Amino acid sequence: MNYNELSEKLVQTLNLDKEPVAIKIYDNVDEVKDVLPKYDGQARHCTITSEIATTGKSCYATADEMNCPNGQLALGLVDQRIESIPQITPLKEAIAYSPLKDAEFEPDTIIIYVMPVQALKIAQLYRVSFNKRFEANFNGVASLCADAVAIPYNTGKSNMTLGCRGSRKFSDIKDEEMIIALKLSDLEVMMEKA
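Sequence order as written defines the numbering, with residues in each chain counted from 1. Whole-chain, interface and lining totals are the exception, using all residues; otherwise, since this is a predicted model, local features are given only for residues with pLDDT of at least 70 and side-chain atom pairs are given and counted only at 80 or more. To get the side-chain values, all heavy atoms of the structure are used, and hydrogens and water are removed first.

(A) Broad picture of the packing of helix 1 (residues 3-14) against helix 7 (residues 184-193). Relative orientation of the contacting elements helix 1 and helix 7 amounts to 65 degrees, with a least axis distance of 10 Å. The two elements helix 1 and helix 7 meet at a crossing, and its hand is left-handed. For the pair formed by helix 1 and helix 7, the contact residues are Tyr3, Leu6, Lys9, Leu10 and Thr13 on the first element and Leu184, Leu187, Glu188 and Met191 on the second. The classification used treats Ala, Val, Leu, Ile, Met, Phe, Trp, Tyr, Cys and Pro as nonpolar, Asp, Glu, Lys and Arg as charged, and all other residues, Gly among them, as polar. Here the contact of helix 1 with helix 7 is composed, by residue class, of six nonpolar, one polar and two charged. In this description, a line fitted to the C-alpha atoms serves as the axis of each element, helices being fitted only across the stretch in contact, and the angle between N-to-C directions of two axes falls anywhere from 0 to 180 degrees. Put simply, DSSP H or I for four residues or longer makes a helix, DSSP E for two residues or longer makes a strand, and each gets a number counted from the N terminus. Definitions for this section: a left-handed crossing has its near helix turned counterclockwise from the far helix by less than a right angle. A right-handed crossing has that turn clockwise. Contacts are assigned to residue pairs with any non-hydrogen atoms lying within 4.5 Å of each other.

(B) Representation of the packing of aromatic side chains within the structure. Geometry of aromatic contacts follows a simple scheme: Phe, Tyr and Trp rings, the Trp one being its six-membered ring, pair when their centres are within 6.5 Å, and the pair is stacked under 30 degrees between planes, edge-to-face over 60, tilted otherwise. Tallied over the entire structure, the rule returns two aromatic pairs. Between the aromatic rings of Tyr126 and Phe130, the centroid separation amounts to 4.9 Å while the plane-to-plane angle is 55 degrees, which identifies the pairing as tilted. Of this pair, Tyr126 and Phe130 both sit in helix 4 (residues 116-130), four residues apart, roughly one helical turn. Any Lys NZ or Arg CZ that is within 6 Å of a ring centre and within 35 degrees of that ring's normal is treated as a charge sitting over the ring. Its end group placed over the ring of Tyr113, Lys18 keeps NZ or CZ at 4.6 Å from the ring centre. The cationic tip of Arg44 hangs over the ring face of Phe170; the distance from NZ or CZ to the ring centre is 3.8 Å.

(C) Geometry of the pairing of strand 4 (residues 109-114). Only protein chains enter the accessibility calculation, which uses a 1.4 Å probe; a residue is then buried when its area is under 20% of its type maximum, exposed when over 50%, and partly exposed in between. For strand 4, the buried fraction is high: six of the six residues fall into the buried class. Neither face of strand 4 is left uncovered, since the one carrying Thr109, Ile111 and Tyr113 and the one carrying Ile110, Ile112 and Val114 both have all their residues buried. Two strands are said to pair when DSSP picks up at least two bridges between them. Pairing geometry for strand 1 (residues 21-26) and strand 4, over three bridges, is antiparallel. Across the sheet, the residue bridging to Ile23 is Thr109, located in strand 4. Of the strand pairs in this sheet, strand 4 and strand 6 (residues 178-182) are connected by five bridges, and their pairing is antiparallel. Each residue of the ladder has a partner; that of Ile112, found in strand 6, is Ile180.

(D) Geometry of the sheet that holds strand 2 (residues 59-61). The strand order across the open sheet formed by six strands is 2-3-1-4-6-5, and the pairing between neighbours is antiparallel. Of all the strands in the sheet, just strand 2 and strand 5 (159-161) have a single pairing partner and so form its edges. Going from strand to strand, the sheet's axes swing by 25 degrees on average, the running direction of each strand aside. By the bridge criterion, six bridges tie strand 1 to strand 3 (residues 94-99) in an arrangement that is antiparallel.

Shown next, in the form of structure tokens:
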């Protein structure tokens, strides 16, 4: 499946209200700056992700556009280490955001905003696809950046998170929504089983 077909199947399977968001981490900003426009202004990673899910626009951001210290740390955009926050290493220069259907890059993770019943369907599809349980690894801090990007990037595993105070305050996450971060390889197999 191409990304458009994959996105369409995912949206239909779960009856999603928001677009799945493809995210890629770049070592060098030169790899992305001719492909996507730079984010205009400053925002948190969770805010940008939410905007992409609802507006359908694509962009990239560097540490200069990211105004959340936890997001900068988790995404590997600054050279600092904090034990309590999962972080991407070594230092990276840019992060790309796009609706999955329009992605011009291979995503490191795909973020979807779901209701619990939709998350249940993902867990069931995961079990049927891989004959194992879907495991969630989160702690309520730096959720959209650490839990939904850094953990899948570092472990190669899909993840689930409830969001954090910051992401719920600064982005359009509804009280009843949660976030699932899927690896592309997992999503492709799951959508074949859907």
